[in-house]
Amino acid sequence: MATVNLSTYDLNSVPQGNAMKFGIVVSEWNYEITGALADGASKTLVKHGVKQENIHIKHVPGSFELTLGGQFFAEYTDVDAVILLGCVIQGETRHFDFICQGVAQGATDLNIKYNLPVIFGVLTTENQQQASDRAGGKLGNKGDEAAVTALKMVALQQGFENELLVD
Ligand code: DLZ
């Protein structure tokens, strides 16, 4: 089966982030994966004009804590968007399901509660290989994709705030 690099995107379609600020919350569980996601997200933001000093990275113990980490950014900072980065790998128990459900719903709730783009950059995989493939491996880097999504959502919001019609 042919492999597809999920992180391929049209560079010209990504807004410039020169005046934008971002918070990134990174889970320490599976850090060899989540660290690579954070690296990808950070580099992608910089590639699209975001100043290094406007990228704020904080760590939480596990993916379940990503929601509260995101809430701290929303409550205590003036970032334009938050990127949540984690990696949950299926184990023998149902822990996987509860963590995935919790953080997915938590991220959704934050978006709505704060009217703030909170990007879901959590890998939910069956094994380590699937995670590596998506953290800088043959299927790209989900952190890059999360950064592009964040840039697009901030630009969309700013368009609404400036009463510009956006396609
Ligand atoms: C406990 C746990 C397990 C079993 N697996 C993962 C995982 O694959 N990825 C991850 O990010 N975190 C895991 N955790 C930790 C939980 O996210 C959380 O930190 C603990 O349940 C404490 O709230």
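Our subject is the structure that appears above.
Quick caveat: nothing in here was measured; it's all calculated off a predicted structure.

### Some remarks on the site of the ligand
Surrounding the ligand, one finds S27, W29, N30, G62, S63, F64, E65, C87, V88, I89, H95 and I99. S27 is positioned such that a nitrogen or oxygen atom in its side chain is 3.4 Å from an oxygen atom of the ligand. Separating an oxygen atom of the ligand from a side-chain N or O atom of N30 is a distance of 3.5 Å. For the ligand, the accessible surface in isolation is 490 Å², of which the surrounding protein chains cover 72%. When residues of the shell around the ligand are traced back to their parent elements, those giving at least two are β3 (81-89) and α3 (95-114). Considering every element that reaches the shell around the ligand, the biggest residue donor is β3, with 3 residues. Of the residues contributing to the shell around the ligand, the split by class is 6 nonpolar, 5 polar and 1 charged.

### A few points about the nonpolar core
Membership of the largest hydrophobic core comes to 26 residues, with the highest contact counts inside it found for F22, I24, L45, I83 and L85. Elements represented by at least two residues in this core include exactly β1 (22-27), α1 (31-47), β3, β4 (118-125) and α5 (142-161). If you tally residues by element for this core, the top one is α5, at 6 residues. Leaving out residues up to four positions away in the same chain, L85 has contacts with I24, V25, V26, S27, T34, L37, A38, A41, L66, G121, G143 and A146.

### Let's talk about α3
Its 20 residues give α3 an end-to-end C-alpha distance of 28 Å, which sits within 8% of 28 Å, the value for a rise of 1.5 Å per residue. All of the buried residues along α3 are F96, I99, C100, V103, G106, A107 and L110. Taken end-on, α3 shows its buried residues confined to a sector of 140°, consistent with a single buried face. In α3, the exposed positions that point more than 90 degrees away from the buried face belong to F98, Q101, I112 and K113. Positive backbone phi, approximately 50°, marks N115, located one or two places after α3.

How each quantity is defined
Residues numbered from 1 in each chain as written. Predicted model: local features only at pLDDT ≥ 70, side-chain atom pairs only at ≥ 80, totals over all residues. Heavy atoms only, no water. Near = heavy atom within 4 Å. Polar contact = N/O pair within 3.5 Å; in protein donor to acceptor, adjacent residues only side chain to side chain. Areas by Shrake-Rupley, 256 points an atom, 1.4 Å probe, with all protein chains shown as cover. Helix = DSSP H or I, 4+ residues; strand = E, 2+ residues; numbered from the N terminus. Nonpolar A, V, L, I, M, F, W, Y, C, P; charged D, E, K, R; others polar. Core = buried A, V, L, I, M, F, W, Y, C linked by side-chain atoms within 4.5 Å. Buried < 20%, exposed > 50% of the residue type's maximum accessible area, 1.4 Å probe, protein only. Contact = heavy atoms within 4.5 Å. Expected span 1.5 Å × (residues − 1). Arc of directions from axis to C-beta.

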